[in-house]
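# Close look at the chain arrangement
As a plain string of letters, each chain reads:
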Amino acid sequence: MSTPQADYFRLRTEWLRFKSQLFDGMTGLPALPAVLEDIRRMVEDRGFADVIYIDLGRSGGHETQLGWAAYDQAVREFARLLVSLKDTGVLGPPDIVCVDTVRSDRFLLFLGEGEPEEAGRTPVGRRERVVGSLRELIDLTPPGSVLRTLRLAAGHARVEKVPDVRTERDELSKMIFQGGVRTAFHPIIRLRDREVIGHEALTRPLAGGSFDSVEELFAFAESSELMMEFERMCRRTAIRAAREVPDLGLLFLNASAGAVEDPEWSAGTVEQDLTGSGLKPSDVVVEITERVAIVRHDEFQSALKTFKERGYRVAVDDMGAGYASLQSLAAIEPDFLKFDVSLVRDIDRSSIKRSLLESLRHLAEKIHARVIAEGVERPEEMQTLLELGIELGQGYLFHREEPPPVVDKEPPPPPPLEKP
């Protein structure tokens, strides 16, 4: 039974969780998502904003050489130096200082003061002034200061107002903050007896927005550099919704190239979300595309190690796109291989597809991965898959996604009064 006290503690818990995701406790600075609205207003009012990017870890090895405690202290002290530039006039009161994500060593400065024609007010001039001032402050620190071990890498850009994309960008920002998506769950079944072994979580935009399809939504998110924040929101929405799915089984979560390297996996943030839904890492299968797994093989290896150490399973999606090699897949050691829908569609009518799928099944057996055939729509396709020894399947033959309910934003007008 709800009480005012219980409601208070629930709202306070939600606020603290929300704040922990938007404000970095280590530096005291906001994360980028927390200041997006301020940046939008800056660009709207002035037509542009100069951006300076400062990366403390780009050259690599700092945390390993110093130890995490000393490196964290260096990042905290650097953040204080950065904020102190407002006291010296190098940065103005309206300028925005933030980190790109919580617990990051990458800083962003959005500069709104001054005209671009003024001396030193070009993006490169402003960057050099800020970085030069920081280096002077670091040189003033005691000889044993950890700040002296840092090597600053900096870049600059100018964000300009583009009316054609403002509406969509604003809507995407609101989606991230307000959770403007829903999750559809597609079952993955064992073909021989149709027993459900898991569900894939698929993101769907809520009706009534500017984006007509999930493909358009994700494409815009990636082009607007909000992909990681957007994908985090989609992942949390899916995990929360999973608790309502009866006989959930394994939860398959898709991960883009950027999301695979999201520090939330290694920081344990995802595990906190899972715990809230009664799940643990061993209940989750992280799906990556074949292209990410093979083309970005080296970058993915450290992320893959994190997944496996924490108990997550891994699936390689869209098999059959033409990138895979036995050697690369063997190094990844995926738990599942998902065969692309183009390979499964009408397989009962194509001897070439049957031969190709059989070869991929042999590959899966060699690397000890379970096989999932995507896009099964007809009984004849399922029968052919069974004959080829394919264990698992997914598709409209087993589940058809229902369209979201249509909700009228405004009530219909009353009927006209009849004349007497």
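Cut-offs used in this document
Along each chain, the written sequence defines residue order, and numbers are assigned to residues from 1. Reporting in this predicted model follows two pLDDT cut-offs: at least 70 for local features of residues, and 80 or more for side-chain atom pairs to be given and counted; totals over whole chains, interfaces and linings ignore these cut-offs and use all residues. Only heavy atoms go into the side-chain values, all of them from the structure, while hydrogens and water stay out. A pair of strands is treated as paired once DSSP finds two or more bridges between them. Numbering of helices and strands runs from the N terminus, with a helix taken as a DSSP run of H or I at least four residues long and a strand as a DSSP run of E at least two residues long. Lines fitted to the C-alpha atoms define the axes, with helices restricted to the stretch that makes contact. Angles between their N-to-C directions range from 0 to 180 degrees. Two residues qualify as a contact provided that any one of their heavy atoms is within 4.5 Å of a heavy atom in the partner residue. Two aromatic rings from Phe, Tyr or Trp, using only the six-membered ring of Trp, form a pair when their centres are within 6.5 Å; if the ring planes differ by under 30 degrees the pair is stacked, by over 60 it is edge-to-face, and anything between is tilted. Between buried and exposed lies partly exposed: a residue is buried under 20% and exposed over 50% of the maximum accessible area for its type, with that area taken using a 1.4 Å probe on protein chains only. In this text, buried Ala, Val, Leu, Ile, Met, Phe, Trp, Tyr and Cys residues form a nonpolar core when linked through side-chain atoms within 4.5 Å. The directions considered for the arc run from the helix axis to the C-beta atoms.

## Section: the sheet that holds strand 12 (residues 392–394)
Here eight strands make up a closed barrel; going around it, the order is 5-6-7-8-9-10-11-12 and the pairing mixed. For this sheet, the mean angle separating the axes of adjacent strands, direction not counted, is 30°. Sheet contacts for helix 7 (residues 214–223): strand 5 (181–190) and strand 6 (195–205); angle to strand 6, the most-contacted strand, approximately 65°. Helix 8 (residues 227–242) contacts strand 5, strand 6 and strand 7 (250–254) of the sheet and is inclined by roughly 60° relative to strand 5.

## Considerations on the packing of aromatic side chains
Tallying each qualifying case throughout the model produces six aromatic pairs. Between phenylalanine 252 and phenylalanine 336, the aromatic rings sit 5.4 Å apart at their centres with planes inclined by 65°, giving edge-to-face as the arrangement. In this pair, phenylalanine 252 sits in strand 7 while phenylalanine 336 sits in strand 10 (residues 336–339), placing the two residues 84 residues apart along the sequence. Taken individually, phenylalanine 252 and phenylalanine 336 each receive the classification buried, so the pair is uniform in this respect. Each ring, one from tryptophan 265 and one from phenylalanine 307, has its centre 5.0 Å from the other, and the planes form 90°; the classification is edge-to-face. Of the two residues, tryptophan 265 is situated in helix 10 (residues 263–267) and phenylalanine 307 in helix 13 (residues 297–310); the sequence distance between them amounts to 42 residues.

## A few points about the sheet that holds strand 4 (residues 153–160)
Pairing is antiparallel in the open sheet, where four strands are placed in the order 2-3-1-4. Sheet topology places strand 2 (96–99) and strand 4 at the edges, where each strand pairs with a single neighbour. Ignoring strand direction, the axes of neighbouring strands in this sheet form an average angle of 20°. Strands in contact with helix 4 (residues 68–88) are strand 1 (48–55), strand 2 and strand 3 (106–111); relative to strand 3, the strand with the most contacts, it is inclined by about 10°. Strands strand 1, strand 3 and strand 4 of the sheet are contacted by helix 5 (residues 123–139), whose axis makes an angle of about 145° with strand 4.

## A short note on the nonpolar core
Ile54, Phe78 and Phe107 are the most contacted members of the largest nonpolar core, which has 28 residues in total. Looking at this core, the elements with two or more residues in it are strand 1, helix 4, strand 2, strand 3 and helix 5. Residue contributions to this core peak at eight residues, all from helix 4. Not counting the four nearest positions on each side in its chain, isoleucine 54 is found in contact with Phe78, Leu82, Asp105, Arg106, Phe107, Leu109, Val130, Leu134, Ala153 and Ala154.

## Notes on the pairing of strand 10
Side chains Phe336 and Lys338 project from strand 10 onto one buried face, and the interleaved Leu337 and Phe339 project onto a second face that is buried too. Of the pairings in the sheet, the one linking strand 9 (residues 313–319) to strand 10 comprises three bridges and is parallel in character. Its bridge partner lying in strand 10, alanine 315 is registered against phenylalanine 336. Here strand 10 pairs with strand 11 (residues 370–374) via four bridges, running parallel. Of the residues in strand 11, the one forming a bridge with phenylalanine 336 is arginine 370.

## Here's the deal with helix 17 (residues 379–387)
By the burial criterion, the buried members of helix 17 are Glu381, Met382, Thr384 and Leu385. Viewed along the axis of helix 17, the buried residues span an arc of 160°, placing them on a single side of the element. Turned more than 90 degrees off the buried face of helix 17, the exposed positions are Pro379 and Glu387. For helix 17, the elements touching its buried residues are helix 15 (341–344), helix 16 (351–366) and strand 11. Two residues or fewer after helix 17 comes glycine 389, characterised by a positive phi angle close to 80°.

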